[in-house]
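If you want the building blocks of each chain, they are given just below.
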Amino acid sequence: MKLGAAIPVLNEWRFMPAVTGQLLRIVDRLVLLRGHRSQSGAPVEALVRPPKLDARVELLDGSWRSEAQTRNAGMDYLNDCDYVVMIDSDEILVDRDLETLKAMCAEGKHAAVSVKLYTCWKTPEYRIDPPEDGTIKMVLRRDVRIHGVREIRASFVAADVWCRHLSYVRSDEEVREKIRLSGHAHEIRPDWYENVWKAWDRNPALEDLHPVHPPAYKRAVKVDDGELQAVLERWGCR
């Protein structure tokens, strides 16, 4: 069995050493899908390769028009792999979950494997509560292709795996850039940055935090996630 991994990236490199470092513990190939256009249509500066990444990391450049097109380019590029871990640049798998997913791929029984999300807020010490509904179809057999936003037209099995999603572990400047470049930019509440993102710093009890669907992020609670902390420290991403 041969495993691959593909990571779309625009200009979000902060956690990439941890994301790639973890994956290279189990995969045979890993490619960064380095885009040169945003999903919102806003202009993007040319990207450079961060110096801290493992030499085994491959780069594929493109000006893909959608998330699905980007991810499917990765599937095509890794067509010599039996399964591909399709993961984002702010999604981290801890050691035991990597081994679970690798074992499921070795069985070869499923077209896809989905995982659940622990979404962090502001820092790795805060987590959205309750966790987000639904799962991400993260591990795909090489013949599976993506439609829409990470959806597939194939059966899948849910793994007992929790991906740590650091999508909102960002500085104020990084969040502004996330909003500007996101494919959901037109859906984000106009007052969200000031009345939610900035306001939470003054009032951590604030609720309904999601920028598009407020109740989806009901609240942020402090947690002690030793596994995540260990991974971030291992790869110098604290």
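Brief notes about the overall build of the protein
Here comes step 1: Along the protein, the regular secondary structure elements total six helices and 12 strands.
Here comes step 2: For a compact globule of 238 residues, the expected C-alpha radius of gyration is about 18 Å, and the protein comes in at 17 Å, within 12% of that figure.
Here comes step 3: For the protein, the spread of C-alpha atoms along the principal axes amounts to about 50 × 40 × 35 Å.
Here comes step 4: Taking the intrachain contacts of the protein between residues at least 6 apart in sequence as the baseline, contacts between residues at least 24 apart amount to 74%.
Here comes step 5: Here the protein has roughly 11100 Å² of accessible surface; of this, 49% comes from carbon and sulfur atoms.

What about the nonpolar core?
Here comes step 1: Judged by nonpolar contacts, the single largest core of 43 residues is most densely connected at Leu23, Leu30, Leu32, Leu93 and Met138.
Here comes step 2: Apart from residues lying up to four places away in sequence, leucine 30 is in contact with Ala5, Ile7, Thr20, Leu23, Leu24, Arg56, Val57 and Glu58.
Here comes step 3: Counting residues in hydrophobic clusters, the runner-up holds 17 residues, among them Ala73, Met75, Ala111 and Ile152.

Quick word on unusual backbone geometry
Here comes step 1: Residue proline 130 follows aspartate 129 across a cis peptide bond; omega there is -5°.
Here comes step 2: By the element assignment, proline 130 lies in the loop between β7 (123-129) and β8 (136-141).
Here comes step 3: One non-glycine residue, arginine 150, lies in the positive phi region at around 65°.
Here comes step 4: You can see arginine 150 is positioned in the loop between β9 (146-147) and β10 (151-152).
Here comes step 5: Since its relative accessible area comes to 11%, arginine 150 is described here as buried.
Here comes step 6: Non-glycine residue aspartate 208 carries a positive phi angle of around 60°.
Here comes step 7: With respect to the element layout, aspartate 208 can be found in the loop between α5 (192-202) and β12 (219-222).

Brief notes about the pairing of β7
Successive side chains on a regular strand alternate, one facing one side of the sheet and the next facing the other.
Here comes step 1: Here two bridges tie strand β6 (residues 112-121) to β7, and the two strands are oriented antiparallel to one another. Pairing of cysteine 120 across the sheet is with arginine 127, part of β7.

Comments concerning the pairing of β8
Here comes step 1: For β8, a buried count of five out of six residues is recorded, marking the element as mostly surrounded by other parts of the structure.
Here comes step 2: In terms of strand pairing, strand β4 (residues 83-86) meets β8 through three bridges, oriented antiparallel. In the sheet register, valine 85 faces β8, and the bridge partner there is valine 139.
Here comes step 3: Sheet topology places β6 next to β8; four bridges connect them, and they run antiparallel. Along β8, the bridge assignment pairs alanine 112 with leucine 140.

Re the pattern of salt bridges
Here comes step 1: Considering all chains together, one arrives at 30 salt bridges under this definition.
Here comes step 2: Between arginine 164 and glutamate 227 there is a salt bridge whose closest N-O contact spans 3.3 Å. With arginine 164 in strand β11 (residues 157-168) and glutamate 227 in helix α6 (residues 226-234), the pair connects residues that are 63 residues apart, well separated along the chain.
Here comes step 3: In this structure, lysine 218 engages glutamate 207 in a salt bridge whose closest nitrogen and oxygen atoms are separated by 3.7 Å. Of this pair, lysine 218 sits in the loop between α5 and β12 while glutamate 207 sits in the loop between α5 and β12, placing them 11 residues apart in sequence.

Observations regarding the state of the cysteines
Here comes step 1: Counting across every chain of the model gives zero disulfides.
Here comes step 2: Free of any disulfide, cysteine 81 has its nearest cysteine sulfur in cysteine 105, 11 Å distant.
Here comes step 3: Exposure remark for cysteine 81: the relative accessible area of 0% places this residue in the buried category.
Here comes step 4: For cysteine 105, a relative accessible area of 4% puts it in the buried group.

Side note on the packing of helix α4 (residues 172-181) against α5
Here comes step 1: Axis separation between α4 and α5 bottoms out at 12 Å; the angle between their running directions is 140°. On the basis of their axis angle, the class for α4 and α5 is oblique. With respect to the hand of their crossing, α4 and α5 are arranged in right-handed fashion. Of the residues in α5, those in contact with Asp172, Val175, Arg176 and Ile179 of α4 are Trp192, Tyr193, Glu194, Trp197 and Lys198.
Here comes step 2: Tallied by class, the residues present in the contact of α4 with α5 amount to five nonpolar, no polar and four charged.

Examining the side chain of serine 89
Here comes step 1: Structurally, serine 89 can be placed in the loop between β4 and β5 (91-92).
Here comes step 2: Setting aside residues up to four positions removed in sequence, serine 89 forms contacts with Ile7, Pro8, Glu12, Phe15, Met16 and Val19.

Reading the values: rules and limits
- Residues numbered from 1 in each chain as written.
- Predicted model: local features only at pLDDT ≥ 70, side-chain atom pairs only at ≥ 80, totals over all residues.
- Heavy atoms only, no water.
- Helix = DSSP H or I, 4+ residues; strand = E, 2+ residues; numbered from the N terminus.
- Rg over C-alpha atoms; globule rule 2.2 N^0.38 Å.
- Contact = heavy atoms within 4.5 Å.
- Areas by Shrake-Rupley, 256 points an atom, 1.4 Å probe, with all protein chains shown as cover.
- Core = buried A, V, L, I, M, F, W, Y, C linked by side-chain atoms within 4.5 Å.
- Buried < 20%, exposed > 50% of the residue type's maximum accessible area, 1.4 Å probe, protein only.
- Pairing = 2+ DSSP bridges.
- Salt bridge = Lys/Arg side-chain N within 4 Å of Asp/Glu carboxyl O.
- Disulfide = S-S within 2.5 Å.
- Axes fitted to C-alpha atoms, helices over the stretch in contact; angles between N-to-C directions.
- Parallel < 35°, antiparallel > 145°, perpendicular 65-115°, else oblique.
- Left-handed = near helix turned anticlockwise from the far one by under 90°.
- Nonpolar A, V, L, I, M, F, W, Y, C, P; charged D, E, K, R; others polar.

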